[in-house]
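Structure at a glance
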Amino acid sequence: MKQAPQVAAIHDLSGFGRCSMGIVLPVLSAMGNRCSTLLTAYLSAHTAYPPSERSVFLDLTDRMKPVWNHWAELGARFDAIYSGFLGSAEQIDLLRTFLERFRGRNTLVLVDPVMGDHGKPYATYTPEMCARMGSLAAQADLITPNLTEAAILLGEPYEAAPTGEGETETWLRRLSMDGRRSVVITGVCLSPGQVGAGCLDRTTGRISFAQAPEIPGHFPGTGDLFSSVLLGELLRGRSLETASARAVSFVQSCAAYTLQLGTPLLDGVEFEPLLRQLME
Ligand code: PXL
């Protein structure tokens, strides 16, 4: 019998709406992993909902180190460290300390450089946070930016985002820091009506693409769903190419199912009824 892989999941928890830890935890658990959760912030609802004076944003920066000091005392070790939405600029630097402390020789460090979507940074992300995210991402074994985040990391305007295989390959290579880290760019469209991901695997140097029919509508949280499924598949020993193709296919199935149900787009995708598919 084999112990479940251990994942340190470092994300916010949004109380209402599907994203971040509310997706990471069920997906990675369904895929047979044990998660230790380090919360970066607690929000009443994710930031894609209309702004409200009643919204709650609890910045947990000063609780993070005490939490992991306790983990160290308990002998915590991780097969993967997976970070996403971060609540403050200081937090991004703190995470570098976390990596120094908990990264083992075989720990896979996945930094999803969550900063924005559709050409715009999220409401809580300042330019300073975006700059610091770049230096955190430089420590990762694997990053999973969408096109907006890829543009921010490269210092390019969103309008310069790649449209075909060749251009995407150029961005993948630039983001790989001379092949030192693996990269998956999401939201890549190679032909009209299709969308998916492009990836560069640093272990083989191979570039590959996975595409699926595009579902109309922007659903929040699909980036978190993609990266969580990707990580779950990698922890099962699958290659980056296979993991990426499975993640594209799962996100597409959830979006198609949601569209059929006709639930509000801002509530994200109905992944819960399909979680079973990830179990095998
Ligand atoms: O899905 C990324 C994400 C994570 N966390 C919070 C968000 C978003 C995107 O809107 O608002 C709080």
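Our structure is the block above this text.
Conventions and cut-offs
Residues numbered from 1 in each chain as written. Predicted model: local features only at pLDDT ≥ 70, side-chain atom pairs only at ≥ 80, totals over all residues. Heavy atoms only, no water. Axes fitted to C-alpha atoms, helices over the stretch in contact; angles between N-to-C directions. Helix = DSSP H or I, 4+ residues; strand = E, 2+ residues; numbered from the N terminus. Parallel < 35°, antiparallel > 145°, perpendicular 65-115°, else oblique. Left-handed = near helix turned anticlockwise from the far one by under 90°. Contact = heavy atoms within 4.5 Å. Nonpolar A, V, L, I, M, F, W, Y, C, P; charged D, E, K, R; others polar. Near = heavy atom within 4 Å. Polar contact = N/O pair within 3.5 Å; in protein donor to acceptor, adjacent residues only side chain to side chain. Areas by Shrake-Rupley, 256 points an atom, 1.4 Å probe, with all protein chains shown as cover. Buried < 20%, exposed > 50% of the residue type's maximum accessible area, 1.4 Å probe, protein only. Salt bridge = Lys/Arg side-chain N within 4 Å of Asp/Glu carboxyl O.

The next point concerns the packing of helix α5 (residues 147-154) against helix α6 (residues 165-175). Between α5 and α6, the shortest axis-to-axis distance is 11 Å and the interhelical angle comes to 55°. In this view, α5 runs oblique relative to α6, as classed from their interaxial angle. When you trace α5 past α6, the crossing you get is left-handed. Taken together, the residues of α6 that come into contact with α5 (itself represented by L147, A150, A151, L153 and L154) are W171, R174 and L175. Of the residues assigned to the contact of α5 with α6, the class counts are 7 nonpolar, no polar and 1 charged.

This part covers the site of the ligand. Taken together, D12, S14, C19, S20, L43, H46, T47, F85, V114, Y122, G221 and D224 are the residues near the ligand. Measuring from a nitrogen atom of the ligand, one finds a side-chain N or O atom of D12 at 2.8 Å. Measuring from an oxygen atom of the ligand, one finds a side-chain N or O atom of D224 at 2.6 Å. Bound to the protein, the ligand loses 96% of the 320 Å² it would expose on its own.

Turning to α5, a few remarks are in order. With 6 of its 8 residues buried, α5 lies for the most part within the structure. Within the sequence span of α5, burial applies to L147, T148, E149, A150, A151 and L154. The inward-facing, buried residues of α5 contact β6 (116-117), β7 (120-121), α6 and β9 (182-188). For α5, the N-terminal cap is N146; the gap from its side-chain oxygen to the backbone nitrogen of T148 is 3.0 Å. Directly beyond the C-terminal end of α5, a positive phi value near 70° is found at G155.

All right, on to the pattern of salt bridges then. Summed over all chains, the structure comprises 12 salt bridges. Residues E270 and R18 are paired through a salt bridge, measuring 3.0 Å at the closest nitrogen-oxygen approach. Of this pair, E270 sits in the segment after α8 (240-261) while R18 sits in the loop between β1 (6-16) and α1 (21-30); the two residues are 252 residues apart in sequence, bridging distant segments of the chain. Since its relative accessible area comes to 17%, E270 is described here as buried.

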